[in-house]
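Chain by chain, the residues:
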Amino acid sequence: MGNRLSGKVAIVTGGNRGIGRAIAERLADEGALVAVGDLRDDRSADCGAEGLTFMSLDVTKEVSIRTFIDEVLQKFGRIDVLVNNAGIVIHKCIDEQTAEDWDRLMAVNLRGPFLMAKHVVPEMRRIGLGTIVNIGSVEGYMVNPWHTAYAATKSGVHGLTLGLAVDLGPDGIRCNTVCPGWIDTELNRAYVEMHPDRSLIERELGQLHPVGRIGAPKEIANAVVWLASEDSSFVSGEMISVDGARTKKISLPAILDEEYRAKLTKP
Ligand code: NDP
């Protein structure tokens with residue numbers, strides 16, 4: 001618990017579960033009043049969530065975004081922090097990918113953050129400050145097989161971040177992106193569960209990260225709190241990887257990598 005965001009009002013999209021939920025809870029821990037916007041207005045998720053208000057929001061629909069923001073303003077009177085977290089993934093190679101898949105990914109992952117920013121920025125301008133934190137991905141720089149469209153959306157989020165930082169800097173509004181590595185959430189669990197030997201996959205996933213393990217949602221939330229707060233007051237337009245150094249390690253043939261990997265799994 002702290003007070004780094006005391007008196008601030010924050011919005012977190014896709015905050016019912018996973019990384020978004022951890023972000024909403026950490027922002028509230030730091031004193032923010034948090035409006036959680038998600039497809040389901042999941043008030044049952046409310047239990048034990050002090051400082052969180054759950055409202056329905058579909059980031060693919062501009063009408064839903066406007067209604068949500070009006071509700072937030074009616075309830076809290078201002079918006080200081082926007083966290084664009086809602087996201088989906090589709091695993092398909094390019095020849096199986098349909099135009100509808102592409103459009104759906106773009107609508108949630110890229111058009112959504114654009115529209116949220118478009119509708120929130122006038123409120124931030126009105127109070128003369130604000131911070132926008134997008135959740136991008138290490139897949140904005142590198143890509144897993146069958147993630148062409150997903151990677152394109154996340155590169156787009158990184159580009160959006162640069163543009164917003166430049167355009168909104170003069171208004172006292174900063175914009176940054178956190179790029180998570182492999183984080184343990186439902187989005188990824190389904191992927192792991194497709195494999196018959198789950199414990200093998202989990203061990204191998206850990207070994208891809210020089211820190212020897214995958215990440216937890218709270219570790220992304222801690223970076224978001226820093227970017228949302230005055231502690232990062234001169235940081236804008238940055239893509240910050242939170243990935244246990246996964247993207248910093250150059251791949252080696254497995255046989256040469258064995259000693260290193262063995263060290264990572266030592267208790
Ligand atoms: P989850 O699938 O666990 O949670 C995503 C949340 O977003 C869900 O609550 C979902 O609602 C909501 N959502 C989906 N579509 C919409 C929409 N149209 N409008 C509003 N809310 C919506 O995902 P994660 O927590 O793992 O991922 C969060 C973010 O982090 C995403 O942007 C993802 O791309 C990114 N990321 C995740 C990584 C990981 O390893 N987990 C790695 C890199 C980036 P519902 O449950 O109703 O579908």
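Reading the values: the criteria
Residues numbered from 1 in each chain as written. Predicted model: local features only at pLDDT ≥ 70, side-chain atom pairs only at ≥ 80, totals over all residues. Heavy atoms only, no water. UniProt positions renumbered as here; feature names shortened; annotations may be inferred. Helix = DSSP H or I, 4+ residues; strand = E, 2+ residues; numbered from the N terminus. Buried < 20%, exposed > 50% of the residue type's maximum accessible area, 1.4 Å probe, protein only. Contact = heavy atoms within 4.5 Å. Near = heavy atom within 4 Å. Polar contact = N/O pair within 3.5 Å; in protein donor to acceptor, adjacent residues only side chain to side chain. Areas by Shrake-Rupley, 256 points an atom, 1.4 Å probe, with all protein chains shown as cover. Nonpolar A, V, L, I, M, F, W, Y, C, P; charged D, E, K, R; others polar. Pairing = 2+ DSSP bridges. Axes fitted to C-alpha atoms, helices over the stretch in contact; angles between N-to-C directions. Core = buried A, V, L, I, M, F, W, Y, C linked by side-chain atoms within 4.5 Å. Parallel < 35°, antiparallel > 145°, perpendicular 65-115°, else oblique. Left-handed = near helix turned anticlockwise from the far one by under 90°. Expected span 1.5 Å × (residues − 1). Arc of directions from axis to C-beta.

- The protein chain is annotated in an unreviewed UniProt entry as SDR family oxidoreductase of Mesorhizobium shangrilense.
- Turning to the protein chain, the UniProt annotation filed under Sequence similarities (unreviewed entry) states: "Belongs to the short-chain dehydrogenases/reductases (SDR) family."

## Section: the environment of Tyr260
- Within the secondary structure layout, Tyr260 lies in helix H8 (residues 254-265).
- A residue is classified by how much of its surface remains accessible, and Tyr260, at 31% relative accessible area, is partly exposed.
- When the C-alpha atoms of Tyr260 and Glu230 are compared, they prove to be 39 Å apart, with 30 residues separating the residues in sequence.
- Discounting residues that sit within four places of it in the chain, Tyr260 has contacts with Pro210 and Lys249.

## Here's the deal with the site of the ligand
- Close to the ligand lie 27 residues; Arg17, Asp38, Tyr150, Thr185 and Asn188 are nearest.
- Residue Asp38 places a side-chain N or O atom 2.7 Å away from an oxygen atom belonging to the ligand.
- Separating an oxygen atom of the ligand from a backbone N or O atom of Gly181 is a distance of 3.3 Å.
- When the ligand is considered free in solution it has 910 Å² of accessible area, and contact with the protein chains removes 93% of it.
- Among the residues making up the shell around the ligand, the classes are represented as 12 nonpolar, 10 polar and five charged.

## A word on the sheet that holds strand E4 (residues 81-84)
- Read across the sheet, seven strands follow the order E3-E2-E1-E4-E5-E6-E7 without closing on themselves; strand pairing throughout is parallel. Edge positions in the sheet fall to strand E3 (52-56) and strand E7 (239-242), since each has one partner strand and no second. Averaged over all pairs of adjacent strands, the angle between their axes in this sheet comes to 20°, without regard to strand direction.
- Docked against the sheet, helix H4 (residues 148-168) engages strand E5 (130-135), strand E6 (173-180) and E7, running at close to 160° with respect to E6.

## Some words on the nonpolar core
- The biggest cluster of nonpolar side chains holds 29 residues, and the ones touching the most others in it are Ile11, Phe68, Ile69, Val72, Met116 and Ile132.
- Every element with two or more residues in this core is listed here: strand E1 (9-13), helix H2 (62-76), helix H3 (99-127), H4 and E6.
- It is H3 that provides the largest number of residues to this core, a total of seven residues.
- Membership of the second largest hydrophobic core comes to 28 residues, among which are Ala32, Leu52, Val133 and Ile135.

## Comments concerning the packing of helix H1 (residues 18-29) against helix H7 (residues 217-228)
- Packing of H1 against H7 leaves a shortest axis separation of 8 Å and a crossing angle of 50°. In terms of orientation, H1 lies oblique with respect to H7. For the element pair H1 and H7, the recorded crossing hand is right-handed. Facing Gly18, Ile19, Ala22, Ile23, Arg26 and Leu27 of H1, the residues of H7 in contact are Pro217, Lys218, Ile220, Ala221, Asn222, Val224, Val225 and Ala228.
- Looking at the contact of H1 with H7 residue by residue, the class counts come to 10 nonpolar, two polar and two charged.

## Focus on H1
- Between its terminal C-alpha atoms H1 stretches 17 Å, which fits the 16 Å expected from 12 residues at 1.5 Å a residue.
- The buried count for H1 comes to nine of 12 residues, which makes it a mostly enclosed element.
- Turning to H1, its buried residues are Ile19, Gly20, Arg21, Ala22, Ile23, Ala24, Arg26, Leu27 and Ala28.
- A positive phi of about 100° marks Gly31, the residue just after H1.

## Description of H2
- The end-to-end C-alpha distance of H2, which contains 15 residues, comes to 21 Å, matching closely the 21 Å that a straight helix rising 1.5 Å per residue would cover.
- Among all positions in H2, only Ser64, Ile65, Phe68, Ile69, Val72, Leu73 and Phe76 are buried. Down the axis of H2, the sector holding all buried residues measures 165°, keeping them to one side. Residues of H2 that are exposed and point more than 90 degrees away from the buried face comprise Val63 and Gln74.
- In the core, the buried residues of H2 are packed alongside E1, strand E2 (33-38), E3 and H3.
- Where H2 ends, the next residue or the one after it, Gly77, has phi of about 85°, a positive value.

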